[in-house]
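# Commentary on secondary and tertiary structure
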Amino acid sequence: MTDLNLYSIFEKKFVADPSKIAFELDDGTIYSFSEILATSARFANLLVQSGARPGDRVAVQIGKTVEAVLLYLACLRSGLVYLPLNTAYKTAEVDYFLNDSEPSVLVCDPRDLDMIKGVADKANVSTILTLDAAGKGSLITQSADLPDTFETVDRASDDLAAILYTSGTTGRSKGAMLTHNNLASNAKSLVKAWHFEKDDVLLHALPIFHVHGLFVALHCAFLSGNKVIFLDKFDLDTVVRQLPRSTVFMGVPTFYVRLLSHQSFGKDACQNMRLFTAGSAPLLEETFNEFTDRTGHAILERYGMSEAGMISTNPYDGKRVAGSVGHALDNEMRIADDNGNEVGEGEIGILEIKGPNVFKGYWRMPEKTASEFRDDGFFITGDMTRIGDDGYLRIVGRSKDLIISGGYNVYPKEIESYLDEMGGVLESAIVGRPHPDFGEAVVAFVVADNTSQIDEASVIAFVKDKLANFKVPKQVFVVDELPRNTMGKVQKNELRKIAEQTA
Ligand code: MLC
Ligand code: AMP
């Protein structure tokens, strides 16, 4: 049945008002829903013509354009599995993702073609298409004369719609497999919980290669037939200028910290706004309070992850509590100890969840998948949580060694393994410290082996060459040794204290 294809649910809204504006860019360029229907059909025809078959992966590493969103819709329509990659990823990172996922199609920026071609050939990618930051490339030219209709491919609810790679605490990144039903059920829950109506206007400034910008923001808008003011990135002045024309804005905490730093941001900019949501990283209580004082709006904080979309949210109508992530959406939640036994009321434990939003497993990692699910089907999130006396969920820490910088996840283990390979480095440890803009900053501690000279600049240059820019340490300490406990384990708490004191 085609209505189990996520696209078919969106399409009902697109065809209801085809002349309505679906996307508006900052320069005034507009795309109507009829253009969305036609262009995504042309892209779908091209993908099928290239030989891609339902279930095949389409990896994309491209800038933020409406055409990129339409490519996503085209993948849904043709039953292909969309696999977005952060544009900051460097060759070594892309190499891993392509080899692991074995996509049949890769879409990249024409600027990266030379770099990516060798990697793609090695991974047996059969078709490479291009799309640049202005929405031009072979994807457009090759699809220009193809039919602008396409019969959406039937999907069963547990067929894959997307794979999102999340870095692992122990080395290899894992591809979280998300089904059509995972995405559809979560989108429906959010539209209801956040009271989306057809006249809402979403101001979109998030990247579109992660859950937040791609699924949470765009799915709410698609499911409600909304106009989206589509910005290519978060630029403070542009956001403040476009806010009065919008009703909903979604951001990582860094967006709100930056908005508060803007001299003329206040009630005027928010005159038509009905909802600000925040997530992907903890929103500081001081940001929540200052934002309320300045604008009269209480930011609605919600919590989620690649493996499950949105898990909990503060209420739309009830009290939004600073420092909390509200109540469960449409999944069951329980707080348990390491062995899966529920902890007592008000106690801290790891959040476990079960529901239609929870992913199908990690791509080609059955053992890893099995180890992160309990026998009764609950998924172990790795987030340390507690329910307060008020019944609201709080994220109090992480059982996984993870830093969240500006809403991007950084796994220390990954940087450490690269640094340990650097000439002159004996060993390394990566920790996070508070950062006024990014929430947390990556800090490196390296022990030199004295075979060659190393300093902060050479360590930064080494990482910058290999890994995405948000993983590059903001500060480096060259130390004689790493503090260890009696078991020989590096005491990261000690390092965090040093990093915080010398920030
Ligand atoms: C950029 N830089 C970062 C960074 N972003 N460093 C650390 N952390 C980041 N997040 C680097 C740049 O490379 C540059 O380095 C320097 O910092 C300053 O860059 P900038 O111009 O200030 O950065 P900007 O382009 O403005 O980007 C910052 C940002 C962006 C916050 C707008 O990072 C962003 O859009 N973040 C959103 C991430 C997101 O969508 N997360 C959702 C994940 S989904 P140099 O050395 O070149 O000067 C998820 C699930 C859920 O988690 O619950 O939602
Ligand atoms: P990702 O793997 O990129 O999807 O990141 C998911 C992780 O982000 C979660 O496991 C949490 O640790 C964190 N996260 C998301 N939303 C929040 C929030 N509102 N508060 C604190 N942490 C959050």
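That block above? That's the structure.
Keep in mind that what you see is a predicted model, and the values were worked out from it rather than measured.

The secondary structure content of the chain amounts to 15 helices and 25 strands. Principal axes of the C-alpha set define a box for the chain whose edges measure 65 × 55 × 50 Å. Residue burial in the chain is summarised as follows: out of 503 residues, 57% are buried. For the chain, contacts bridging at least 24 residues in sequence account for 65% of all contacts bridging at least 6. By element, 49% of the accessible surface of the chain is carried by carbon and sulfur atoms, the whole surface being about 20700 Å².

This next bit is on helix 2 (residues 33-49). Counted at 1.5 Å a residue, the expected span for helix 2 with its 17 residues is 24 Å, and the 24 Å between its end C-alpha atoms agrees. Of all 17 residues making up helix 2, 12 are buried, and the element is well covered by its neighbours. Three or more residues of helix 2 are buried, namely F33, I36, L37, A38, T39, S40, A41, F43, A44, N45, L46 and L47.

Near ligand 1 lie 24 residues; those nearest to it are R258, S280, R302, S405 and K474. S405 is positioned such that a nitrogen or oxygen atom in its side chain is 2.6 Å from a nitrogen atom of ligand 1. Between ligand 1 and K464, the relevant distance is 3.3 Å, taken from an oxygen atom to a side-chain nitrogen or oxygen of the residue. Taking 1000 Å² as the accessible area of ligand 1 by itself, protein coverage stands at 74%.

Let us look at the sheet that holds strand 20 (residues 393-398). What the 4 strands build is an open sheet, ordered 16-17-19-20; its pairing is antiparallel. Every interior strand has two partners, whereas the edge strands, strand 16 (332-336) and strand 20, have only one. Sheet twist, expressed as the mean angle between neighbouring strand axes with direction ignored, is 50°. Sheet topology places strand 17 (residues 349-354) next to strand 19 (residues 379-387); 4 bridges connect them, and they run antiparallel.

With that settled, the discussion passes to the site of ligand 2. Taken together, 17 residues are adjacent to ligand 2, and R302, S306, D383, K400 and N409 come closest. Residue K400 places a side-chain N or O atom 2.9 Å away from an oxygen atom belonging to ligand 2. Separating an oxygen atom of ligand 2 from a side-chain N or O atom of N409 is a distance of 2.9 Å. Within the complex, 91% of the 510 Å² of free accessible area of ligand 2 lies under protein. For the shell around ligand 2, the elements supplying multiple residues, two or more each, are strand 13 (300-305) and strand 20. The dominant element in the shell around ligand 2, judged by the number of residues it contributes, is strand 13, at 5 residues.

Attention now goes to the packing of helix 1 (residues 6-16) against helix 2. Two elements in contact, helix 1 and helix 2, have axes whose closest approach is 9 Å; the angle formed by their N-to-C orientations is 140°. The angle between helix 1 and helix 2 places the two elements in the oblique class. The handedness of the crossing between helix 1 and helix 2 is left-handed. Touching Y7, E11, F14 and V15 of helix 1 are F33, I36, L37 and S40, all from helix 2. Broken down by class, the residue content of the contact of helix 1 with helix 2 amounts to 6 nonpolar, 1 polar and 1 charged.

Here we take up empty space enclosed by the protein. Summed over all chains, the structure comprises 3 cavities of 30 Å³ or more. In this structure, the largest cavity encloses a volume near 90 Å³. Lining the largest cavity are 14 residues; nearest its centre among them are N182, L183, N186, F215 and G309. No other element matches helix 7 (residues 180-193), which puts 5 residues into the lining of the largest cavity. Residues of the lining of the largest cavity, tallied by class, amount to 8 nonpolar, 6 polar and no charged.

Below, the discussion takes up unusual backbone geometry. At E102, a residue that is not glycine, the phi angle is positive and equals roughly 45°. Inspection of the secondary structure puts E102 in the loop between helix 4 (91-101) and strand 5 (105-108). Even without glycine at this site, R364 takes up a positive phi of about 50°. Within the secondary structure, R364 is located in the loop between strand 18 (361-362) and helix 12 (366-372).

Another point: the packing of aromatic side chains. Taken as a whole, this structure holds 28 aromatic pairs when the rule is applied. Arranged with centres 6.4 Å apart and planes meeting at 25°, the rings of F209 and Y408 form a pair that is stacked. Taken together, the residues F209 in the loop between strand 9 (201-204) and helix 8 (211-224) and Y408 in strand 22 (residues 408-410) connect sequence positions 199 residues apart. An aromatic cluster is defined as three or more aromatic residues linked by ring pairs; in this entry it consists of Y7, F10, F14, F23, F33, F222 and F230. Here the basic side chain of R320 rests over the ring of Y316, its NZ or CZ set 5.4 Å away from the ring centre.

Let us now look at the layout of surface pockets. Quantified by volume, the second largest pocket comes out at close to 430 Å³. Considering the residues around the second largest pocket, the lining is formed by 16 residues, among which D401, K489, V490, Q491 and K492 are closest to the centre.

Here we have 3 strands laid out as an open sheet, ordered 23-24-25, and mixed in their pairing. This sheet does not close on itself; its edge strands, each paired only once, are strand 23 (425-435) and strand 25 (475-479). Neighbour-to-neighbour, the strand axes of the sheet open up by a mean angle of 25°, direction not taken into account. Two strands pair when backbone bridges link them, and strand 24 (residues 439-448) and strand 25 are joined in this way by 5 bridges, in the parallel orientation.

What counts and what doesn't
Residues numbered from 1 in each chain as written. Chains lettered and ligands numbered in written order. Predicted model: local features only at pLDDT ≥ 70, side-chain atom pairs only at ≥ 80, totals over all residues. Heavy atoms only, no water. Helix = DSSP H or I, 4+ residues; strand = E, 2+ residues; numbered from the N terminus. Buried < 20%, exposed > 50% of the residue type's maximum accessible area, 1.4 Å probe, protein only. Contact = heavy atoms within 4.5 Å. Areas by Shrake-Rupley, 256 points an atom, 1.4 Å probe, with all protein chains shown as cover. Expected span 1.5 Å × (residues − 1). Near = heavy atom within 4 Å. Polar contact = N/O pair within 3.5 Å; in protein donor to acceptor, adjacent residues only side chain to side chain. Pairing = 2+ DSSP bridges. Axes fitted to C-alpha atoms, helices over the stretch in contact; angles between N-to-C directions. Parallel < 35°, antiparallel > 145°, perpendicular 65-115°, else oblique. Left-handed = near helix turned anticlockwise from the far one by under 90°. Nonpolar A, V, L, I, M, F, W, Y, C, P; charged D, E, K, R; others polar. 1 Å grid on protein atoms, 1.4 Å probe; cavity = no way out; pocket = protein on both sides within 12 Å on 5 of 7 lines; lining within 4 Å. Points joined across faces, edges and corners; volume = space filled by probe spheres on them. Phe/Tyr/Trp six-rings, centres within 6.5 Å; stacked < 30°, edge-to-face > 60°. Lys NZ or Arg CZ within 6 Å of the ring centre and 35° of its normal.

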